[in-house]
Amino acid sequence: MMNMWLDHFESRKQDCISINSHSSNSINQLLGLVELKLKEAILKEPTLLVMVVGVPNVGKSALINSIHRIARSRFPVNDKIKRATVGPLPGVTQDIAGYKIASQPSIYVLDTPGVLVPSIPDMETGLKLALTGAVKDSVVGEERIAKYLLSLLNIRKTPLHWERLLHRREEFDEEPGHSCGKGSRDSLRRRKRINNSDALYVQDLVMEVQATLCSTAMEFTGNIDEETGLESLIDAQLLALRKVFRIPHRPLDESHGPTAKKLLTLFRAGKLGPFVLDDLPDEIKQ
């Protein structure tokens with residue numbers, strides 16, 4: 001899907017590159033494009049300003065910090081480096097701030113508060129913005145956002161692509177000394193946390209989440225093309241994820257708030273994989 005969008009903008013003669021703020025290759029690609037666009041200006045102006053603009057919580061400050069790190073090796077800066085403040089919620093950046101990334105010529109990157117259109121045109125657009133964290137969760141509700149995420153995954157049949165994880169889980173259960181099934185996986189997870197291997201623990205948790213979503217989708221006998229069928233599958237998946245996240249069940253409490261919060265955290269951190277929420281318009285697909 002990402003490549004289709006890149007081709008779409010290229011066909012319209014619009015510069016577009018996909019960026020991972022934590023990837024040196026992505027940042028170097030972006031800096032190369034900026035240098036190309038500023039080539040003439042660099043020869044004429046002693047100081048240049050580059051502004052980073054986007055919706056809230058899209059990763060502007062994280063991008064600037066990565067630019068800082070890469071640019072320092074390419075364009076030595078003698079000034080003390082100031083880092084942009086980052087956070088998981090929208091609204092962390094509240095003022096326009098400048099960060100010097102190069103000398104001769106002096107190049108500053110401006111970090112700006114997130115901007116949104118004055119009014120959101122439709123409900124689905126609002127849910128997409130909420131899913132990315134551009135809108136505070138309290139405005140829409142974490143459970144509603146998580147259900148929207150699961151509806152997108154199921155409609156696109158994404159969980160079925162994780163079927164290999166089911167086989168890996170079965171192989172683990174069949175290994176000598178691991179015959180206790182799910183309990184052994186839980187003990188493995190606890191052992192990894194005790195050993196402070198947080199990265200391994202998160203990786204194991206993500207695989208369990210993906211495998212659970214896949215198994216519930218494969219076992220579901222209803223019709224997800226119907227609204228009631230899709231809602232039933234989503235409820236079943238949230239119940240199954242509650243066990244994966246080890247959230248205790250409280251009598252008379254049918255809400256999925258804690259489960260939704262943990263699922264959204266994994267999604268927004270990119271642990272479930274890269275996703276493009278917007279589909280190409282039908283006329284472009286043709």
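Note: the structure precedes this text.
Residues numbered from 1 in each chain as written. Predicted model: local features only at pLDDT ≥ 70, side-chain atom pairs only at ≥ 80, totals over all residues. Heavy atoms only, no water.

### Notes on the side chain of threonine 112
Then comes step 1: Mapped onto the elements, threonine 112 comes out in the loop between strand S3 (106-111) and helix H5 (123-132).
Then comes step 2: On the basis of relative accessibility, which here comes to 6%, the residue threonine 112 falls in the buried class.
Then comes step 3: In this structure the side chain of threonine 112 is engaged in a polar contact, spanning 2.7 Å, whose partner is the backbone oxygen of valine 52. (Helix = DSSP H or I, 4+ residues; strand = E, 2+ residues; numbered from the N terminus. Buried < 20%, exposed > 50% of the residue type's maximum accessible area, 1.4 Å probe, protein only. Polar contact = N/O pair within 3.5 Å; in protein donor to acceptor, adjacent residues only side chain to side chain.)

### Here we look at the nonpolar core
Then comes step 1: In terms of nonpolar packing, the biggest core is built from 37 residues, with Leu131, Val209, Phe245 and Leu263 touching the most fellow members.
Then comes step 2: Mapped onto this core, the elements with two or more residues apiece are H5, helix H7 (142-155), helix H8 (163-174), helix H10 (198-219), helix H11 (227-244) and helix H12 (257-268).
Then comes step 3: The contacts of valine 209, once residues within four sequence positions are left out, are Leu241, Val244, Phe245, Leu263, Leu266 and Leu272. (Core = buried A, V, L, I, M, F, W, Y, C linked by side-chain atoms within 4.5 Å. Contact = heavy atoms within 4.5 Å.)

### Some thoughts on the packing of aromatic side chains
Then comes step 1: Counted under the stated rule, the structure contains two aromatic pairs.
Then comes step 2: Ring centres 5.6 Å apart and planes at 40° place the aromatic pair phenylalanine 267 and phenylalanine 275 in the tilted group.
Then comes step 3: The exposure class assigned to phenylalanine 275 is partly exposed, which follows from its relative accessible area of 27%. (Phe/Tyr/Trp six-rings, centres within 6.5 Å; stacked < 30°, edge-to-face > 60°.)

### Digging into the packing of H7 against H11
Then comes step 1: Contact geometry for H7 and H11: axes closest at 10 Å, N-to-C directions at 115°. As far as their axial angle goes, H11 and H7 are roughly perpendicular. Seen along the crossing, H7 lies across H11 with a hand that is right-handed. The segment H7 lies against H11, with Lys147, Leu150, Ser151, Asn154 and Ile155 engaging Leu230, Leu233, Ile234, Asp235, Gln237 and Leu238. (Axes fitted to C-alpha atoms, helices over the stretch in contact; angles between N-to-C directions. Parallel < 35°, antiparallel > 145°, perpendicular 65-115°, else oblique. Left-handed = near helix turned anticlockwise from the far one by under 90°.)

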